[in-house]
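Observations on the model geometry
Residue-level listing of the chains:
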Amino acid sequence: MAEAHSAVAFSFSITHEGWDVNFDREVLHLVWASGIRSWKKRLARFKNNVRNGVFPAPLQSLWAMMGIVLALRYANNSFIKYTDIILQWLPGTSYIWQIVSCFILSLTFWLILIYIVRYTFKLMLMYKGWMYESRGGHKVSLKTKLWGLGIKLLSSKSKPLLYSYQGSLPKLPLPPVNETMKRYLKSVRPLMNDSEFESMIKLAREFEKGIAVKLQRYLWLKSWWSSNYVSDWWEEYVYLRSRTPLIVNSNFYGTDAIMLHSTPIQAARAAMIIWQCLQYRRLIERQELEPIRVQGLVPLCSWQYERIFNTTRVPGAVSDKIVHYNDSRHIVVYHAGRYFKVIIYSQNRILHPCEIEEQIQSILDNTEKPYTGEEKVAALTAADRTHWANTRTQYFFKGINRQSLDAIEKAAFVVTLDEVPYEYDPENSKKLDEFGRILMTGKGYDRWFDKSFTLCIGSNGRVGFNAEHSWADAPVMGHLWEHFLCGDLVVGYQENGHTKGSPELEPPKPIRLQWNLDPVLEAIEKSYQVSLALVNDIDLRILAFNDYGKGFMKTAKVSPDAFIQMALQLAYYRDAGKFSLTYEASMTRLYREGRTETVRPCTLESSTWVKSMLDPNVDTNKRINLLRQACATHQRGYQDAMCGKGIDRHLFCLYVVSKYLEVESPFLNKVLSEPWRLSTSQTPHGQTTQFDLRKFPNCISAGGGFGPVANDGYGVSYIIAGENLVFFHISSKKSSPHTDSNRFAIRIKEALNDMKSLHDDWNRSTKNVSS
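What counts as what
Residues numbered from 1 in each chain as written. Predicted model: local features only at pLDDT ≥ 70, side-chain atom pairs only at ≥ 80, totals over all residues. Heavy atoms only, no water. Helix = DSSP H or I, 4+ residues; strand = E, 2+ residues; numbered from the N terminus. Rg over C-alpha atoms; globule rule 2.2 N^0.38 Å. Buried < 20%, exposed > 50% of the residue type's maximum accessible area, 1.4 Å probe, protein only. Core = buried A, V, L, I, M, F, W, Y, C linked by side-chain atoms within 4.5 Å. Contact = heavy atoms within 4.5 Å. Pairing = 2+ DSSP bridges. Axes fitted to C-alpha atoms, helices over the stretch in contact; angles between N-to-C directions. Salt bridge = Lys/Arg side-chain N within 4 Å of Asp/Glu carboxyl O. Left-handed = near helix turned anticlockwise from the far one by under 90°. Nonpolar A, V, L, I, M, F, W, Y, C, P; charged D, E, K, R; others polar. Expected span 1.5 Å × (residues − 1). Phe/Tyr/Trp six-rings, centres within 6.5 Å; stacked < 30°, edge-to-face > 60°. Lys NZ or Arg CZ within 6 Å of the ring centre and 35° of its normal. Disulfide = S-S within 2.5 Å. Polar contact = N/O pair within 3.5 Å; in protein donor to acceptor, adjacent residues only side chain to side chain.

A look at the overall build of the protein
The number of helices and strands found in the protein is 25 helices and 22 strands. In terms of C-alpha radius of gyration, the protein reaches 29 Å, essentially the compact-globule figure of 28 Å for 771 residues. Based on the C-alpha atoms only, the size of the protein along its principal axes is roughly 105 × 85 × 60 Å. The buried share of the protein, reckoned over its 771 residues, is 54%.

Below, the structure is given as structure tokens:
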């Protein structure tokens, strides 16, 4: 009750003696400051929206147009008639009104010119021929060269803001059904015998000539009406309507730059990463973050950045929802089973790292015990979604539980101060495995899995994150992570490991969140047992492959990503004795509100090459040719996926339409039920211009990972960390007798070494023939 009374800023009462007014000057000052800050943000947002609305033209061009119209008005009598037409509709004809008529005319001409330029720019961005041409200048067509020149000319006149390109990005195209059917049948051919494939062809033809015509018609209407015909349904049905636990099944993680150890002081590293995140948030709010452009020309959609901060996933009985708050002045810190609300603004500015360090250290020094049930309350966010939704409605709807839950859900992000070190030792691979496992699952209750992301700080100062997946894809978090890792080196620490500088003010003290969880203990324990089972079942192995890397792969004259995917195909075949439907995530952010598309690396060409590697009668030259054909096919599939010519998102949307129309399709039911036993993804890096590996060669994360999609499958994430280093994060279920992450890591290493030996043998044979 004392907290409730202290929250009252203004009150009054009527007495026999008259009015009795009470108010708290400090609280009213905070309210006033908050309002001023909010209005400043609105004005800045309005200004940025205007700049984005006229991009790629600069706002200054309006005044140039005004000058031209005024010059013509007073230098050319024949031009006067145009301003006189406008003048007829104005209240007067004085000199001032003549200037107004000139301004209206110049504004009209300017807007017409702006829209011509914008739509020209949009039409040019629809061209995707550049994706299929080599980056080498001698192989690029004249058409693409002229297109590139045009893009440069149109986009070089104004510095883009984060969302400047959004209005110019084209919509994701809807592919014809017959093309999707051809691609699908070709992709499943290596997975089926002749009779199975003939049966699938029959189902596909029946679908294409039958219900697909009606489903495609509805989907065409959606693609025409909406910004993106896939993304909203993908978010809703793949993520938000899923009732399975987020831990292992959905959330993903990322690791620190493990070859660097900036400081061993936990509070200092936590303060620095928190401060860097807040700086990044400010860049997003002001739209000062530079948008990513492929090859420095073609922009990617920045829509997903809106929800990095101040965002949470709220559970529902049937479907969850993503809630984003416009602003948040605090974060929430979890340590030793207790939650603290930490204010990160004071005197109208973000606290400095040294001031945040004081706050974090005070939490570490706090010896209070957790309230009953507080330590494991986050297990509710890890387990079954419906159970969490019902518990939230019943026990977190009012009172101090509601206040504390609001503090967490409205926080900019959550920070967990772990009581164990995050370790990396090149001589002991198990330490890196444990590093990844801690970030992926923790103890099953020490990450708030609903938040957009939880920063995890080890007791030795190493860091990582655990991110919820529905609001965005991994490259967006990767961009934030690169910004932090670079900033960590640029800003630096004192020689004693503490943050630089000295506090200019006394930072607000962390506020201990209050709970009344006695009635919720049974529900918490139920969720904890579910999450604990998942934690104990996950098998994670992180392979640091340093025999070679991107440098050698380029000498093989194939895409490094395709090279690694072929190694995974060979490794899986040796591990399982068969091929499997393989998922590789690619982006569709060349289009407005694009997210991901599936590349299917298991192709006829890749399976032919894998079989040749196991056949001693196939010579080296043929194996090399088959490998290059397989890599070229994979690269083409990746390019098609990025250009909106994928298979799986189209079929998924057709399936959603069929469910709305309540019609059954045996073909779609079979396709959507096929398990992805090998799910893969490459972690991108170098997304920010600040990221310079030549200057900071060790400033690169070991990447991150995710859980297996199928209970009897593998989840493999990899990052090409340099010329001679690749990290693989391999996950599987211990309960499956068919998988073993350590065994698969060995298979991957064997496959990569065999591919290098193959290339070396081919080089030797080529030299012998030439000599």
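Picking up where we left off.
What about the nonpolar core?
With 111 residues, the main nonpolar core has Ile 274, Tyr 305, Ile 308, Phe 413, Leu 455 and Phe 667 as its most contacted residues. For this core, the leading source of residues is helix 11 (residues 266-285), giving twelve residues. If sequence neighbours within four positions are ignored, Tyr 305 has contacts with Leu 162, Tyr 163, Tyr 280, Ile 284, Leu 289, Ile 292, Val 476, His 479 and Arg 589. Membership of the second largest hydrophobic core comes to 42 residues, among which are Ile 720, Phe 744, Leu 758 and Trp 762.

Re the sheet that holds strand 21 (residues 714-722)
In spatial order, the strands read 16-22-21-19-17-18; together these six strands make up an open sheet with mixed pairing. Lying at the two open borders of the sheet, with one neighbouring strand each, are strand 16 (538-545) and strand 18 (596-599). Across the sheet, the mean angle from the axis of one strand to that of its neighbour is 20°, orientation sign disregarded. As paired elements, strand 16 and strand 22 (residues 725-733) share eight bridges and run antiparallel to each other. Paired with Arg 541 across the strands is Ile 730, a residue of strand 22. Along the sheet face, helix 20 (residues 560-576) touches strand 17 (582-587), strand 19 (678-682), strand 21 and strand 22 and points at about 145° away from the line of strand 21. The sheet strands contacting helix 23 (residues 648-661) are strand 17 and strand 18, and the helix crosses strand 18 at an angle near 115°.

Brief notes about the pattern of salt bridges
Oppositely charged side chains may form a pair once their charged atoms are brought near each other. A complete count under the given rule lists 37 salt bridges for this structure. Its salt-bridge partner being Asp 575, residue Arg 743 comes within 2.6 Å of it at the nearest N-O pair. Taken together, the positions of Arg 743 in helix 25 (residues 741-770) and Asp 575 in helix 20 put the pair 168 residues apart, joining distant regions of the chain. With a shortest N-O distance of 3.2 Å, Glu 664 and Lys 659 are connected by a salt bridge. A relative accessible area of 37% means that Lys 659 is categorised as partly exposed. Each of Arg 243, Arg 313, Asp 320, Arg 385, Asp 450 and Glu 468 takes part in salt bridges that share partners, so that together they form one network.

A short note on the packing of helix 20 against helix 22 (residues 620-642)
Relative orientation of the contacting elements helix 20 and helix 22 amounts to 115°, with a least axis distance of 9 Å. Crossing of helix 20 over helix 22 shows right-handed handedness. Contacts from Asp 561, Ala 562, Phe 563, Gln 565 and Met 566 of helix 20 reach helix 22 at Leu 627, Ala 630, Cys 631, His 634 and Tyr 638. Each residue belonging to the contact of helix 20 with helix 22 can be placed in one class, and the counts come to seven nonpolar, two polar and one charged.

Observations concerning helix 23
In a regular helix each residue adds 1.5 Å, so 14 residues correspond to 20 Å; helix 23 covers 20 Å between its end C-alpha atoms and thus fits that length. Three or more residues of helix 23 are buried, namely Asp 648, Arg 649, His 650, Leu 651, Phe 652, Cys 653, Leu 654, Val 656, Val 657 and Ser 658.

Considering the side chain of Ser 580
Note on placement: Ser 580 falls in the loop between helix 20 and strand 17. Among the residues examined, Ser 580 registers a relative accessible area of 5% and is labelled buried. Beyond its immediate sequence surroundings of up to four residues, Ser 580 is in contact with Leu 191, Tyr 572, Cys 602, Arg 677 and Leu 678.

Comments concerning the packing of aromatic side chains
Under the defined criterion, the tally for this structure stands at 35 aromatic pairs. For the pair Phe 309 and Phe 453, a centre-to-centre distance of 5.6 Å together with 75° between the ring planes defines the contact as edge-to-face. Linking Phe 309 in the loop between strand 5 (298-299) and strand 6 (311-314) with Phe 453 in strand 13 (residues 453-457), this pair joins segments that are 144 residues apart in sequence. The exposure class assigned to Phe 309 is buried, which follows from its relative accessible area of 3%. Judged by its relative accessible area of 0%, Phe 453 is buried. In this structure an aromatic cluster arises from ring pairing among Tyr 334, Tyr 339, Trp 388, Phe 396, Trp 448 and Trp 515. Here Lys 376 stacks its cationic end above the ring of Tyr 528, 4.1 Å away from the centre of that ring. Over the ring of Trp 762 we find Arg 628; its NZ or CZ atom is 4.6 Å from the centre of that ring.

Describing unusual backbone geometry
Its identity as a non-glycine residue notwithstanding, Val 248 has a phi of 70°, on the positive side. Tracing the backbone shows Val 248 in the loop between helix 10 (231-240) and strand 3 (252-255). Judged by relative accessible area, which is 2%, Val 248 ranks as buried. The phi dihedral of Asn 348 is positive, around 65°, even though this residue is not glycine. For Asn 348, the location among the structural elements is in the loop between strand 10 (345-346) and strand 11 (349-350).

Remarks on the state of the cysteines
According to the stated counting rule, one finds zero disulfides in the structure shown. Here Cys 354 stays unpaired: no disulfide links it, and the sulfur of Cys 277, its closest cysteine neighbor, is 17 Å away. Residue class for Cys 354 comes out buried when judged on its relative accessible area of 7%. For Cys 643, which is in no disulfide, the shortest distance to another cysteine sulfur is to Cys 301 and amounts to 16 Å. According to the relative accessible area criterion, Cys 643 is buried, its value standing at 4%.

Some words on the pairing of strand 3
Where burial is concerned, the two faces of strand 3 agree: the one with Phe 252 and Gly 254 and the one with Tyr 253 and Thr 255 are both buried. Across four bridges, the pairing between strand 3 and strand 14 (residues 463-467) is antiparallel. Directly across from Thr 255, in strand 14, lies its bridge partner Gly 464.

Remarks on the sheet that holds strand 3
Note: strands within a sheet are paired through backbone hydrogen bonds, in either parallel or antiparallel orientation. Sheet architecture is open: eight strands sit in the order 15-9-8-12-13-14-3-20, paired in mixed fashion. Each end of this open sheet is capped by a strand with a single partner; those strands are strand 15 (511-512) and strand 20 (704-705). Sheet analysis places strand 8 (residues 330-335) next to strand 12 (residues 414-417), joined by four bridges and oriented parallel. The partner of Tyr 334 across the bridge, within strand 12, is Thr 416. Its contacts with the sheet place helix 12 (residues 353-365) against strand 8, strand 9 (338-343) and strand 12, and it is angled at close to 160° to strand 9. With respect to the sheet, helix 17 (residues 474-491) is in contact with strand 3, strand 13 and strand 14, its orientation differing from that of strand 14 by roughly 160°.

Examining the environment of His 469
Relative to the helices and strands, His 469 is located in the loop between strand 14 and helix 17. Distance from His 469 to Trp 220, taken between C-alpha atoms, is 28 Å for residues 249 residues apart in sequence. Other than its neighbours up to four places away in sequence, His 469 contacts Tyr 239, Ser 250, Asn 251, Phe 252 and Arg 595. At 3.2 Å, the side chain of His 469 forms a polar contact with the backbone oxygen of Ala 472.

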